[in-house]
Amino acid sequence: MRFVDIIEKKRWKEELTEEEIRWWILRYVAGEIPDYQVSALLMAICLNGMTARETSALTMAMMESGETIDLGRIEGVKVDKHSTGGVGDKTTLALGPMLAACGAKVAKMSGRGLGSTGGTLDKLESIRGFNCYLDKETFIRQVQDIGIAVIGQTESLVPADKKLYALRDVTGTVASIPLIASSIISKKLAAGAEVIELDVKYGDGAFMKTAKEAVELARMMIYLGEACGRKVRAMITDMNEPLGRAIGNALEVKEAVDTLRGQGPADFTELVLSSGANILAEAGLTADKTEGRRKMEAVIADGSALKKLKQMVRAQGGDADQIEHPELLPKADFVTPVFSKERGYIRRARALELGRLAMEIGAGRETKEDVIHPETGIVLGKKTGDFVKSGDILAWVHHRGPLGEEWLERLYTAFEMSAEPVPEKQLIYKTL
């Protein structure tokens, strides 16, 4: 078998066989196929697509390229969630403990942030001493004992995805639904969860720009997961403005804690409750979503969800006092309010620009080598639909040094204004 023949076959929009796909992945992980040839195939896939059969074969080949985690020793239903990324998305920090308090087993592997998208591991590491890298046995034991663990992906889990994603990132071949879907689902399958909830975002601050694209991606991922015996649901959600009000690692931890105390932002709280209700129903832990939502609300009201977060933090070496007292989390040297200069309604708080602005003051990283400053970020004072008067605070900036006039002007113009009232934003477009 010659790799150039596989490239030419896909160039002419022909379907690759399962054998060809497995051979390609195996040889590439072994270092026997050069990057320039794989880049050519990725571009052909990006331009010509893949069938569902090809995408399924690619997903399985990637999953089998490294170790998998057997969660069979853990009693109960093992659940996981995945977000396609967004600004202010701290869902795991609130949803995970709530699900664990409801009796689910949350075995979660998460990633780091790059660009305008924050990573769950970065947020957790703003908690003093938190260890994101447990060995497999410790990970499984912790999920069994307290119902939840959140760790970083191991180097040996789906190595094909690591190599392919790094190559896609520098060759303009990220924008392909088969490649995105196989990347996400191969990791979820390897991590061993039985029930998977997908939060597929669309809009200004998401990779998929339209709801139609997000639905197409979600349907492909549901197909791939269910073909391998997993129960999969997907929510299609709006990311045209940040989720919640906090953008930045320690600030988002605090907002997650507020949510577990029943004091979180309305949009973020709704997303967490709806997502949790879906998972509990799909896992058979409640009769339906209505009962699931009641159960999720109950674990906030009785404090058991917050207790689970503290248990997880303590088990992974973190300072649980920072959860009990979020004012102990890292604090910025300066907090600067940004005031409205006009009167009207917020038409939109642009997620992508706000995420970039937060990254530029230290809340995110532009390259993988950049250092994150967990105390920095932006907290929104106003969101879509809110009425503002001149002098009202649009946002608070948590920063380490001087803010340039150009940066402040960009922050101001990230809030688009309207003279007329703005219809209420629909956060959850659809559930599949």
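Scoring rules and cut-offs
- Residues numbered from 1 in each chain as written.
- Predicted model: local features only at pLDDT ≥ 70, side-chain atom pairs only at ≥ 80, totals over all residues.
- Heavy atoms only, no water.
- Helix = DSSP H or I, 4+ residues; strand = E, 2+ residues; numbered from the N terminus.
- Rg over C-alpha atoms; globule rule 2.2 N^0.38 Å.
- Buried < 20%, exposed > 50% of the residue type's maximum accessible area, 1.4 Å probe, protein only.
- Contact = heavy atoms within 4.5 Å.
- Lys, Arg positive; Asp, Glu negative; His and termini not counted.
- Charge placed at Lys NZ, Arg CZ, Asp CG, Glu CD.
- Core = buried A, V, L, I, M, F, W, Y, C linked by side-chain atoms within 4.5 Å.
- Expected span 1.5 Å × (residues − 1).
- Pairing = 2+ DSSP bridges.
- Salt bridge = Lys/Arg side-chain N within 4 Å of Asp/Glu carboxyl O.
- Axes fitted to C-alpha atoms, helices over the stretch in contact; angles between N-to-C directions.

1. What about the overall build of the protein?
Line of reasoning, step 1. Scanning the protein from terminus to terminus reveals 17 helices and 13 strands.
Line of reasoning, step 2. A compact globule built from 432 residues would reach a C-alpha radius of gyration of about 22 Å, and the protein, at 22 Å, matches this within 12%.
Line of reasoning, step 3. C-alpha extents for the protein along the principal axes are approximately 70 × 45 × 40 Å.
Line of reasoning, step 4. The buried share of the protein, taken over its 432 residues, is 57%.
Line of reasoning, step 5. Taking contacts inside the protein between residues at least 6 apart in sequence as the whole, the part at least 24 apart equals 78%.
Line of reasoning, step 6. Here the protein contributes 58 positive and 63 negative side-chain charges, whose respective centroids are spaced 2 Å apart.

2. Comments concerning the nonpolar core
Line of reasoning, step 1. Membership of the largest hydrophobic core comes to 71 residues, with the highest contact counts inside it found for Val79, Met98, Leu99, Met296, Ile378, Leu411 and Phe415.
Line of reasoning, step 2. Apart from residues no more than four positions distant in its own chain, Leu99 is found in contact with Val79, Ala104, Val106, Gly276, Ile279, Leu280 and Met296.

3. Looking at helix α3 (residues 35–48)
One turn of the α-helix equals 3.6 residues, which is why residues spaced by three or four share an orientation.
Line of reasoning, step 1. In this model, α3 (14 residues) spans 20 Å end to end at C-alpha, consistent with the 20 Å of a helix rising 1.5 Å per residue.
Line of reasoning, step 2. Listing the buried residues of α3 in full gives Gln37, Val38, Ser39, Leu41, Leu42, Ala44 and Ile45.
Line of reasoning, step 3. Gly49 lies just past α3 and shows a positive phi near 75°.

4. Description of unusual backbone geometry
Leave glycine aside and you will find that most residues have negative phi; peptide bonds, for their part, are mostly trans.
Line of reasoning, step 1. Here Lys13, not a glycine, exhibits a phi torsion of approximately 65°, which is positive.
Line of reasoning, step 2. Inspection of the secondary structure puts Lys13 in the loop between α1 (3–11) and α2 (18–29).
Line of reasoning, step 3. One non-glycine residue, Val158, lies in the positive phi region at around 50°.
Line of reasoning, step 4. Counting through the fold element by element, Val158 comes out in the loop between β3 (148–152) and α8 (159–171).

5. Concerning the sheet that holds strand β10 (residues 387–388)
Line of reasoning, step 1. Spatially, three strands are ordered β10-β8-β12 in an open sheet, and the strand pairing comes out antiparallel. At either end of the open sheet lies a strand with only one pairing partner, and these are β10 and β12 (415–418).
Line of reasoning, step 2. In this sheet, β10 lies alongside strand β8 (residues 344–349) in antiparallel orientation, the contact comprising two bridges. From the neighbouring strand, Gly344 faces β10, where its bridge partner is Val388.

6. A closer look at the environment of Leu309
Line of reasoning, step 1. Relative to the assigned elements, Leu309 resides in helix α14 (residues 304–315).
Line of reasoning, step 2. Separated by 212 residues in sequence, Leu309 and Pro97 have C-alpha atoms that sit 5.3 Å apart.
Line of reasoning, step 3. Discounting residues that sit within four places of it in the chain, Leu309 has contacts with Leu93, Pro97, Val257, Leu260 and Ile323.

7. Points about the pattern of salt bridges
Line of reasoning, step 1. This model, assessed by the stated rule, comprises 34 salt bridges.
Line of reasoning, step 2. Glu67 is paired through a salt bridge with Lys136; the nearest N and O atoms lie 3.3 Å apart. Here Glu67, found in the loop between α4 (52–63) and β1 (78–83), pairs with Lys136, found in helix α7 (residues 136–146); they are 69 residues apart in sequence, far enough to count as distant.
Line of reasoning, step 3. Salt-bridge contacts for Glu416 lead to Arg350; the nearest nitrogen and oxygen are separated by 3.9 Å. With Glu416 in strand β12 and Arg350 in the loop between β8 and α16 (351–363), the pair connects residues that are 66 residues apart, well separated along the chain.
Line of reasoning, step 4. Take Arg350: its relative accessible area is 24%, and that puts it in the partly exposed class.

8. Overview of the sheet that holds β1
Line of reasoning, step 1. In spatial order, the strands read β3-β2-β1-β4-β5-β13; together these six strands make up an open sheet with mixed pairing. Across the chains shown, the open sheet's two edge strands, defined by having one partner strand only, are β3 and β13 (428–431). Strand after strand, the sheet turns through a mean of 20° between neighbouring axes, direction not considered.
Line of reasoning, step 2. As paired elements, strand β2 (residues 105–110) and β3 share five bridges and run parallel to each other. From the neighbouring strand, Lys108 faces β3, where its bridge partner is Val150.

9. Re α8
Line of reasoning, step 1. For α8, spanning 13 residues, the distance from its first C-alpha to its last is 19 Å, which sits close to the expected 18 Å at 1.5 Å a residue.
Line of reasoning, step 2. Within the span of α8, buried status applies to Pro159, Ala160, Asp161, Leu164, Leu167 and Arg168.
Line of reasoning, step 3. Looking at the buried residues of α8, the elements they touch are α2, α3, α4 and α9 (177–191).

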